[in-house]
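Here are the chains, one letter per residue:
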Amino acid sequence: DVKVTQSSRYLVKRTGEKVFLECVQDMDHENMFWYRQDPGLGLRLIYFSYDVKMKEKGDIPEGYSVSREKKERFSLILESASTNQTSMYLCASSLTRDSAEAFFGQGTRLTVV
Amino acid sequence: AQSVAQPEDQVNVAEGNPLTVKCTYSVSGNPYLFWYVQYPNRGLQFLLKYITGDNLVKGSYGFEAEFNKSQTSFHLKKPSALVSDSALYFCAVRDPIISSNTGKLIFGQGTTLQVKP
């Protein structure tokens, strides 16, 4: 079974803090993604990566950056957390094949106070 | 532009009755379509996908979905609903012309399914 593991289930951070969300997958997938989930808005793509050290902006990259130094690990960084970044963050991975489904982590619920 | 619409925020159905969760899409090429389910405070779980071939796709937990190209729809169905099916359901589309194997998925806003005993 594919496993995508996010380092934290719940996080509470203060405004202005630098926040790191970590994601690890164990199936040698090339593609990795960070989504943000908000009620009524579905999932919105923040950033994705199709190879080590490669990254592309998704639909809502402002205020975020990412790092992919190793194939299995994809980190989302909030440079200076703000209250409007309070949300559920979901990491996913998939093979490099358009027919391939994505596998998701359990999510990190981030609250910025 | 690619888009996915789930026109119902919530669907209510009695246990044992058939259920349908609707999804329509807009893509420039031939779509790859997916359904995911999310239980409370969990990540998304893959249910089924349509890539090509038979328009009726069968997936996990007794769910199936019907691809209708003329109506650009991919509705999720189950013949007999269970209380345990209550969850948030997401439809997603990938347009291979745009995606180019990057794996990008476009998600609908989600539909909450409530199955009552």
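Scope of this entry: the structure provided in the associated data block. Every value quoted in this text rests on a predicted model; they were computed, and no experiment measured them. (Residues numbered from 1 in each chain as written. Chains lettered and ligands numbered in written order. Predicted model: local features only at pLDDT ≥ 70, side-chain atom pairs only at ≥ 80, totals over all residues. Heavy atoms only, no water.)

### Details of the overall build of chain A
When its secondary structure is counted, chain A shows 0 helices and 11 strands. Secondary structure of chain A in N-to-C order comes out as β-β-β-β-β-β-β-β-β-β-β. Radius of gyration (C-alpha) of chain A: 13 Å, near the 13 Å computed for a compact globule of 113 residues. Principal-axis analysis of the C-alpha atoms gives chain A an extent of 40 × 30 × 25 Å. With 113 residues in all, chain A has 50% of them scored as buried. Restricting the contact set of chain A to residue pairs at least 6 apart, pairs at least 24 apart contribute 54%. Carbon and sulfur atoms form 50% of the exposed surface of chain A, whose accessible area is close to 5,300 Å². (Helix = DSSP H or I, 4+ residues; strand = E, 2+ residues; numbered from the N terminus. Rg over C-alpha atoms; globule rule 2.2 N^0.38 Å. Buried < 20%, exposed > 50% of the residue type's maximum accessible area, 1.4 Å probe, protein only. Contact = heavy atoms within 4.5 Å. Areas by Shrake-Rupley, 256 points an atom, 1.4 Å probe, with all protein chains shown as cover.)

### Description of the pattern of salt bridges
This model, assessed by the stated rule, comprises 9 salt bridges over all chains. Salt-bridge contacts for Glu69 of chain A lead to Lys53 of chain A; the nearest nitrogen and oxygen are separated by 2.4 Å. With Glu69 of chain A in strand S7 (residues 64–70) and Lys53 of chain A in the loop between strand S5 (42–51) and strand S6 (54–57), this pair connects stretches of sequence that are 16 residues apart. The exposure class of Glu69 of chain A is exposed, given its relative accessible area of 52%. With its nearest N and O atoms 2.8 Å apart, the salt bridge here joins Lys78 of chain B to Asp85 of chain B. This pair shows no difference in class: Lys78 of chain B is buried, exactly as Asp85 of chain B is. One salt-bridge network, in which partners are shared between bridges, spans Arg36, Asp38 and Arg44 of chain A. (Salt bridge = Lys/Arg side-chain N within 4 Å of Asp/Glu carboxyl O.)

### Some details on unusual backbone geometry
Not every positive phi belongs to a glycine, and Lys53 of chain A is a case in point at roughly 65°. Since its relative accessible area comes to 55%, Lys53 of chain A is described here as exposed. Positive phi, close to 60°, is recorded for Tyr61 of chain B, a residue that is not glycine. For Tyr61 of chain B, the position within the fold is in the loop between strand S7 (56–58) and strand S8 (64–68).

### Re empty space enclosed by the protein
Over the atoms, a rolled probe matching the size of one water molecule traces out where space is still vacant. One pass over the full model with this rule turns up 1 cavity of 30 Å³ or more. Estimated volume of the largest cavity: approximately 30 Å³. Lining the largest cavity, in full, are Arg9, Tyr10, Met88, Gln106, Gly107 and Arg109 of chain A together with Asn41 of chain B. Looking at the lining of the largest cavity residue by residue, the class counts come to 2 nonpolar, 3 polar and 2 charged. (1 Å grid on protein atoms, 1.4 Å probe; cavity = no way out; pocket = protein on both sides within 12 Å on 5 of 7 lines; lining within 4 Å. Points joined across faces, edges and corners; volume = space filled by probe spheres on them. Nonpolar A, V, L, I, M, F, W, Y, C, P; charged D, E, K, R; others polar.)

### Some points on the sheet that holds strand S3 (residues 19–25) of chain A
All names here are of chain A. Here we have 4 strands laid out as an open sheet, ordered S1-S3-S8-S7, and antiparallel in their pairing. Looking at which strands have only one partner, the edges of the open sheet turn out to be strand S1 (4–6) and S7. Averaged over all pairs of adjacent strands, the angle between their axes in this sheet comes to 20°, without regard to strand direction. (Pairing = 2+ DSSP bridges. Axes fitted to C-alpha atoms, helices over the stretch in contact; angles between N-to-C directions.)

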